[in-house]
Amino acid sequence: MSVRVAINGYKGRMGQELQAIVDGDGQFEVVAGVDLALGGGSRSLSEIASNQLRDIDVVIDFSLAEGFQEVIKWCEKNKKPLVSGTTGLN
């Protein structure tokens, strides 16, 4: 069974690196990629259909500091673990 992951900041450099590592690994499955900073039709975690995120095991966050509060609130509300590599937090 694979670990189901949502990547917040997936269009960024680290998000793309995570996606590349996960692809073909077999141990992880990216079920959602979220990135508000770069536009292009991306949505926040709270805007993605709940059934898509219901069974995720963890959110990995490499977003911008400005969006971190939304991610942490979503994870708290939905009782999902969060691993964050976001820098620039106060």
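Residues numbered from 1 in each chain as written. Predicted model: local features only at pLDDT ≥ 70, side-chain atom pairs only at ≥ 80, totals over all residues. Heavy atoms only, no water.

Draft legend 1. Broad picture of the overall build of the chain. Across its full length, the chain holds three helices and four strands. When the elements of the chain are put in sequence order from the N terminus, they spell out β-α-β-α-β-α-β. Here the contacts in the chain between residues at least 6 apart in sequence split such that 57% fall between residues at least 24 apart. Of the roughly 5,700 Å² of accessible surface on the chain, 51% is carried by carbon and sulfur atoms. (Helix = DSSP H or I, 4+ residues; strand = E, 2+ residues; numbered from the N terminus. Contact = heavy atoms within 4.5 Å. Areas by Shrake-Rupley, 256 points an atom, 1.4 Å probe, with all protein chains shown as cover.)

Draft legend 2. Focus on the pattern of salt bridges. Enumeration according to the criterion identifies one salt bridge in this entry. In this structure, E29 and R4 form a salt bridge, with 3.4 Å as the shortest nitrogen-oxygen distance. Of the two residues, E29 sits in strand β2 (residues 28–34) while R4 sits in strand β1 (residues 3–8), which places them 25 residues apart along the sequence. (Salt bridge = Lys/Arg side-chain N within 4 Å of Asp/Glu carboxyl O.)

Draft legend 3. Expanded view of helix α3 (residues 68–78). Inspection of α3 places F68, V71, W74 and C75 among the buried residues, and these make up the whole buried set. In an axial view of α3, the angular spread of the buried residues amounts to 130 degrees, which keeps them on one side of the axis. Exposed side chains of α3 directed beyond 90 degrees from the buried face belong to K73, E76 and K77. Just past α3, the residue K79 takes up positive phi, approximately 55 degrees. (Buried < 20%, exposed > 50% of the residue type's maximum accessible area, 1.4 Å probe, protein only. Arc of directions from axis to C-beta.)

Draft legend 4. Just the nonpolar core, in detail. The biggest cluster of nonpolar side chains holds nine residues, and these are A6, V31, A32, L53, I56, V59, V71, W74 and C75. When contributions to this core are tallied by element, the ones reaching two or more residues are β2 and α3. Per-element tally for this core: the top contributor is α3, with three residues. If you look at the next biggest cluster of nonpolar residues, it comprises five residues, including V5, I7, V58 and I60. (Core = buried A, V, L, I, M, F, W, Y, C linked by side-chain atoms within 4.5 Å.)

Draft legend 5. Examining the side chain of T86 more closely. When you line up the elements, T86 lands in the segment after β4 (82–84). Of the polar contacts made by the side chain of T86, one reaches the side chain of D61; its length is 2.6 Å. With residues up to four places along the chain from it excluded, the contact list for T86 reads D61, F62, S63, L64, A65 and F68. (Polar contact = N/O pair within 3.5 Å; in protein donor to acceptor, adjacent residues only side chain to side chain.)

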